[in-house]
There are 2 protein chains.
Amino acid sequence: MAYDSSIVSIDAARLLTRIEQLGQIGRDKEDRLVRLAASDADKRGRDALVSWMKEANLEVVVDKVGNIFGIWRAPSEDDQAPIMVGSHIDTVINAGVYDGCYGVLSGIEVIQTLQKAGFVPSRPIVVAAFTNEEGVRYTPDMMGSLVYAGGLSVEDALASVGTDGSLLGEELERIGYAGSVEPGFLKPHAYVELHIEQGPVLEREGIQIGAVKNLQGISWQRITIEGVANHAGTTPISMRSDAGYAASRVISFLRDRATSSPTPTVATVGCISFEPNAINVIPSRAIFTVDLRDPNEHSLQAEEAALGAFLTDLAAAEGVKITTERMARFEPVTFDATIVEIVEAAAERHGLSYRRMTSGAGHDAQMIAHICPAAMIFVPSIGGISHNPREFTSEPDLVAGANVLLDVIGKLASEREK
Amino acid sequence: MAYDSSIVSIDAARLLTRIEQLGQIGRDKEDRLVRLAASDADKRGRDALVSWMKEANLEVVVDKVGNIFGIWRAPSEDDQAPIMVGSHIDTVINAGVYDGCYGVLSGIEVIQTLQKAGFVPSRPIVVAAFTNEEGVRYTPDMMGSLVYAGGLSVEDALASVGTDGSLLGEELERIGYAGSVEPGFLKPHAYVELHIEQGPVLEREGIQIGAVKNLQGISWQRITIEGVANHAGTTPISMRSDAGYAASRVISFLRDRATSSPTPTVATVGCISFEPNAINVIPSRAIFTVDLRDPNEHSLQAEEAALGAFLTDLAAAEGVKITTERMARFEPVTFDATIVEIVEAAAERHGLSYRRMTSGAGHDAQMIAHICPAAMIFVPSIGGISHNPREFTSEPDLVAGANVLLDVIGKLASEREK
């Protein structure tokens, strides 16, 4: 049966209730939402997710890194590659309730809606919840999707040591989510991830749907500047090697360059410390982080190179020693243009405002994009706030996003290989 | 008897040995020198000091805030105001051995040398060791001399609560150094403080003696900048209120202004912290300290005003809220020109290179300067390093400084009121 988006829409109450229910699982004594990967709280969240998958008559499969898949088999099971929709349900410490969970629960909601409408998919539809997307307890983040896409071995992932000294492999065994299936066992025909924007663009522009065409490359560095600690009162300016001042020059340089850049480069210094950190002592050491992002790999490399050149000049000019350490590096990801068009067409059909945009944050979609055509759908985040209990997306926006996902999945699951 | 500097000089071995011995008192388990005011270690240091004062036949008097005075009464005791020489023997945590102690021990050395030379002073000579100059355990610093000069009441000083929750008054009682004499009981005819420079100027210029003509005013502020925490990847530069970037602008502003200032203004940002201090979150808050110093009160006020105006503009430009909190403020002190000339003449007589200079650090002399003519003598600090075990002044420089002090005290103690 062909899918007609004009006559069906998702069950808003059911979706919103599940988001609310999942958001109550993993509250700590201070009522903070803390559902770190493979923790007891994560187990309870996973159990709830599995129960909802079963309610939707999905076949539940867990792979070796704990990724959970809810599979709606197509009636004509003839090896058609599935449509995968997914995200993650692990959270940061003191999280909001939407990040990740919204995408996973919307996937189940879409399937249940299609089932009720009597839709007959031409290929399986799979809802995925990837392990340890946040990377708070285990490194790296986006681990489950990275392993699924073949970017990290199962062994290395399971040997990951948590901030609490635990081993991911042992923790997955302990909570009952160490599956036996190899990650990558289903190679999707397409992957679509619905997510809150976690940025301010859609809200500021009054737009309801983001058709995410690409995802920024990320360059994380830790920079250490070493100067000389001297007395703040007795050391003339001309005799100083002030690591703190040198750090301030880097922060200003990064900002000024990003502001004047013709590309959508962003640069952020989020962490800093001075040593000895005394009011009357010139800092002997400044340690800070640099987060550089650009959707174009060439531009991102140019930003890294410009920073490197600036640091070289600065070290000479200020008499300081500067060392940099790479903490993370992801190349930009370009999503599938066809799926992005399908997202735009779906928003159009629903009478929703939309725009193409870049994801500034990392998502499981960037990993899965390595093994199949992929794209993302964003809904507005009020104030751009995320990773915080004040993370908020209005109910109409949540419902609109899920209906766009419904439309997109319905369309993709109607296609068959030639 | 008139004093002839050409025939006497201090006993270098005795002075250096005492500096060494006092520097061994108060070593912690890691061999760090930690002799915080009114601690057990301070008691042991005080006991050693008193024993050396008694060796020099000085009358030892302790006042109500624990200041220790070793008095060499003039034979013709007729109410002539004394010459006071002094400094402090309390230390910071992990201190060097010269800061303060050098001045106090040189005072005793000068008296013993004068005694041995048969010098008959026309007025008493007093060596003072002031309580809690460093201000590490109790606030404010330079407390003993401040009380002595009438700038703080005895009651308020003794009620000072230490970083360890202790009361200074109780601690002085406990270690046996709560005296009964009112601070200020001796009003000096003149005060001279010999001290290591704690800055790099004398060493860099190859000069042996600093004749300290004035002492910088100090302005300490804590600045808090409040922006908005947002995702480092998803928030376009134009939509940011980045407290960390704003802080970097302040640090650069202060430095650029000090560099281009025609006055010897120095500005230092020694402490900083960002919140939430996460690599991928734009700082919502930056808290940092500003240490501004200038030997001219008018200039110091101008620097404070310029900073204030910059902050106002910055807050508007960056969409951040900026609050400032005054932590400390001392006006500059001008020392007595006549004593400064006597110091220069003494250096000249000893064939030592010398220069007039400004003290960038605070010293007990700035307090005592409120009640009598005062000045200071500096000797070189290698690398300008102080408050650190690497604090170092060569033995010849230490001896030269003490001999200049000997000359100055001999001269001043030969004067009688008209």
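Residues numbered from 1 in each chain as written. Chains lettered and ligands numbered in written order. Predicted model: local features only at pLDDT ≥ 70, side-chain atom pairs only at ≥ 80, totals over all residues. Heavy atoms only, no water.

**Regarding the UniProt feature "binding site: Zn(2+) 1" (unreviewed entry) in chain A**
All names here are of chain A. As recorded in UniProt, the sites labelled "binding site: Zn(2+) 1" (unreviewed entry) are His88, Asp99 and His195. These annotated residues cover 108 residues of sequence, but their C-alpha atoms sit close together, with the largest distance between any two at 10.0 Å. Secondary-structure assignment places His88 in the loop between strand 3 (83–87) and helix 3 (101–116). Note on His88: relative accessible area 0%, which makes it buried. Ignoring anything within four residues of it in the chain, the contact list for His88 reads Asp99, Gly100, Cys101, Val104, Phe130, Glu133, Glu134, His195 and Asp364. There is a polar contact of 3.0 Å between the side chain of His88 and the backbone oxygen of Asp90. Mapped onto the elements of the fold, Asp99 is located in the loop between strand 3 and helix 3. Taking the relative accessible area as the measure of exposure, Asp99 reaches 5% and is therefore buried. (UniProt positions renumbered as here; feature names shortened; annotations may be inferred. Helix = DSSP H or I, 4+ residues; strand = E, 2+ residues; numbered from the N terminus. Buried < 20%, exposed > 50% of the residue type's maximum accessible area, 1.4 Å probe, protein only. Contact = heavy atoms within 4.5 Å. Polar contact = N/O pair within 3.5 Å; in protein donor to acceptor, adjacent residues only side chain to side chain.)

**Considering the domain arrangement of chain A**
Residues and elements named next belong to chain A. You can read the domains of chain A as domain 1 (12–215 + 332–412) and domain 2 (217–330). Using C-alpha coordinates to define each centre, domain 1 is positioned 36 Å away from domain 2. Between domain 1 and domain 2, the contact holds 11 residues from the first and 8 residues from the second. Across the domain 1/domain 2 interface, buried area totals approximately 630 Å², and carbon plus sulfur atoms make up 62% of it. At the boundary of domain 1 and domain 2, one finds 1 residue pair in polar contact (both at pLDDT 80 or more). (Domains from an automatic or database assignment. Buried area = accessible area lost by both parts, 1.4 Å probe.)

**Let's talk about unusual backbone geometry**
Residue and element names in this part refer to chain A. A cis amide bond links Glu275 to the next residue, Pro276, at an omega of 0°. Following the sequence through the fold, Pro276 ends up in the loop between strand 9 (272–275) and strand 10 (285–294). Here Asn57, not a glycine, exhibits a phi torsion of approximately 60°, which is positive. Relative to the assigned elements, Asn57 resides in the loop between helix 2 (40–55) and strand 1 (59–62). Here Asn57 falls in the exposed class, since its relative accessible area comes to 62%. For His387, which is not glycine, the phi dihedral falls at a positive 55°. Inspection of the secondary structure assignment puts His387 in the loop between strand 14 (374–379) and helix 12 (395–412).

**Comments concerning the relation of the copies chain A and chain B**
The two copies are related by a screw operation: chain A maps onto chain B through 180° of rotation and 0.1 Å of translation along the axis, at an RMSD of 0.1 Å. Taken together, the rotation angle and the small translation identify this as a two-fold axis. The rotation axis passes nearest to the C-alpha of Ser248 of chain A in chain A, at a distance of 2.1 Å. An overlap of 100% is found between the interface residues of chain A and their copies at the interface of chain B, pointing to a shared contact surface. (Least-squares fit on C-alpha atoms with pLDDT ≥ 70 in both.)

**A word on the side chain of Thr235 of chain B**
Inspection of the secondary structure puts Thr235 of chain B in the loop between strand 7 (217–226) and helix 8 (243–260). A distance of 2.8 Å separates a polar side-chain atom of Thr235 of chain B from the backbone oxygen of His231 of chain B. Contacts of Thr235 of chain B, omitting those with residues within four sequence positions, involve Pro200 and Val266 of chain A together with Asn230, Arg240 and Ile282 of chain B.

**Focus on the interface of chain A and chain B**
Each partner contributes to the interface: chain A provides 55 residues, whereas chain B provides 55 residues. The largest per-residue losses of area from chain A upon contact with chain B belong to Ile237, Arg255 and Ile279 of chain A, which jointly make up 17% of the total buried on that side. The interface formed by chain A and chain B contains 2 salt bridges. Between Glu318 of chain A and Arg255 of chain B there is a salt bridge, with its nearest N and O atoms 3.0 Å apart. Remark: the boundary between chain A and chain B carries 14 residue pairs in polar contact (both at pLDDT 80 or more). Contributions of two or more residues to the side of chain A that touches chain B are made by helix 7 (201–205), helix 8 (243–260), strand 8 (266–268), strand 9 and strand 10 of chain A. Residue composition of the side of chain A that touches chain B, by class: 24 nonpolar, 21 polar and 10 charged. (Salt bridge = Lys/Arg side-chain N within 4 Å of Asp/Glu carboxyl O. Nonpolar A, V, L, I, M, F, W, Y, C, P; charged D, E, K, R; others polar.)

**Focus on the packing of helix 8 of chain A against helix 9 (residues 297–318) of chain A**
Residue and element names in this part refer to chain A. Contact pair helix 8 / helix 9: the axes reach a minimum separation of 11 Å and the direction vectors enclose 150°. Between helix 8 and helix 9, the angle is such that the two are roughly antiparallel. Read as a crossing pair, helix 8 and helix 9 show a hand that is right-handed. In this structure, helix 8 contributes Tyr245, Ala246, Arg249, Val250, Phe253, Leu254 and Arg257 to the contact, and helix 9 contributes Ala302, Glu303, Ala306, Leu307, Phe310, Leu311, Leu314 and Glu318. When its residues are assigned to classes, the contact of helix 8 with helix 9 shows 11 nonpolar, no polar and 4 charged. (Axes fitted to C-alpha atoms, helices over the stretch in contact; angles between N-to-C directions. Parallel < 35°, antiparallel > 145°, perpendicular 65-115°, else oblique. Left-handed = near helix turned anticlockwise from the far one by under 90°.)

**Considerations on the pattern of salt bridges**
Residues and elements named next belong to chain A. Following the criterion strictly, the structure yields 51 salt bridges over all chains and no others. Two residues, Asp291 and Arg293, come together in a salt bridge whose shortest N-O distance is 2.8 Å. For the salt bridge of Glu304 with Arg329, the shortest nitrogen-to-oxygen distance reads 2.8 Å. Taken together, the positions of Glu304 in helix 9 and Arg329 in strand 11 (residues 321–330) put the pair 25 residues apart, joining distant regions of the chain. Judged by relative accessible area, Arg329 falls into the partly exposed class, the value being 24%. Here the salt bridges do not stand alone but share partners, grouping Asp40, Arg137, Asp164, Glu171 and Arg174 into one network.

**A few points about the pairing of strand 9 (residues 272–275) of chain B**
All names here are of chain B. Only one face of strand 9 is buried: it carries Ile272 and Phe274, and the other face, with Ser273 and Glu275, is open. As judged from the 4 bridges shared by strand 9 and strand 10 (residues 285–294), these two strands associate in the antiparallel manner. Opposite Glu275, over in strand 10, you have Arg285 as the bridge partner. (Pairing = 2+ DSSP bridges.)

**Points about the packing of helix 3 (residues 101–116) of chain B against helix 12 (residues 395–412) of chain B**
The geometry of a pair of packed helices is captured by two quantities: the angle between their axes and the separation between those axes. All names here are of chain B. Remark: helix 3 packs on helix 12, axes separated minimally by 9 Å, with the N-to-C direction vectors making an angle of 55°. Relative to helix 12, the element helix 3 is oriented oblique. In the crossing of helix 3 with helix 12, the sense of the turn from one axis to the other is right-handed. For the pair helix 3 and helix 12, the contacting residues are Tyr102, Ser106, Gly107, Val110, Thr113 and Leu114 in the first and Asp397, Leu398, Gly401, Ala402, Leu405, Leu406, Ile409 and Gly410 in the second. Looking at the contact of helix 3 with helix 12 residue by residue, the class counts come to 8 nonpolar, 5 polar and 1 charged.

**Considerations on the packing of aromatic side chains**
The full count for this structure, using the stated rule, is 16 aromatic pairs over all chains. Centroid distance Tyr148 of chain A to Phe185 of chain A: 6.4 Å. Interplanar angle 80°. Geometry classified as edge-to-face. Separated by 37 residues along the polypeptide, Tyr148 of chain A in helix 4 (residues 143–148) and Phe185 of chain A in the loop between helix 6 (168–175) and strand 5 (190–196) bring together distant segments of the chain. Taken together, a centroid distance of 6.3 Å and an interplanar angle of 55° make the contact between Phe130 of chain B and Tyr191 of chain B tilted. One end of the pair, Phe130 of chain B, is in the loop between strand 4 (125–129) and helix 4 (143–148); the other, Tyr191 of chain B, is in strand 5 (residues 190–196), and 61 residues separate them in sequence. (Phe/Tyr/Trp six-rings, centres within 6.5 Å; stacked < 30°, edge-to-face > 60°.)

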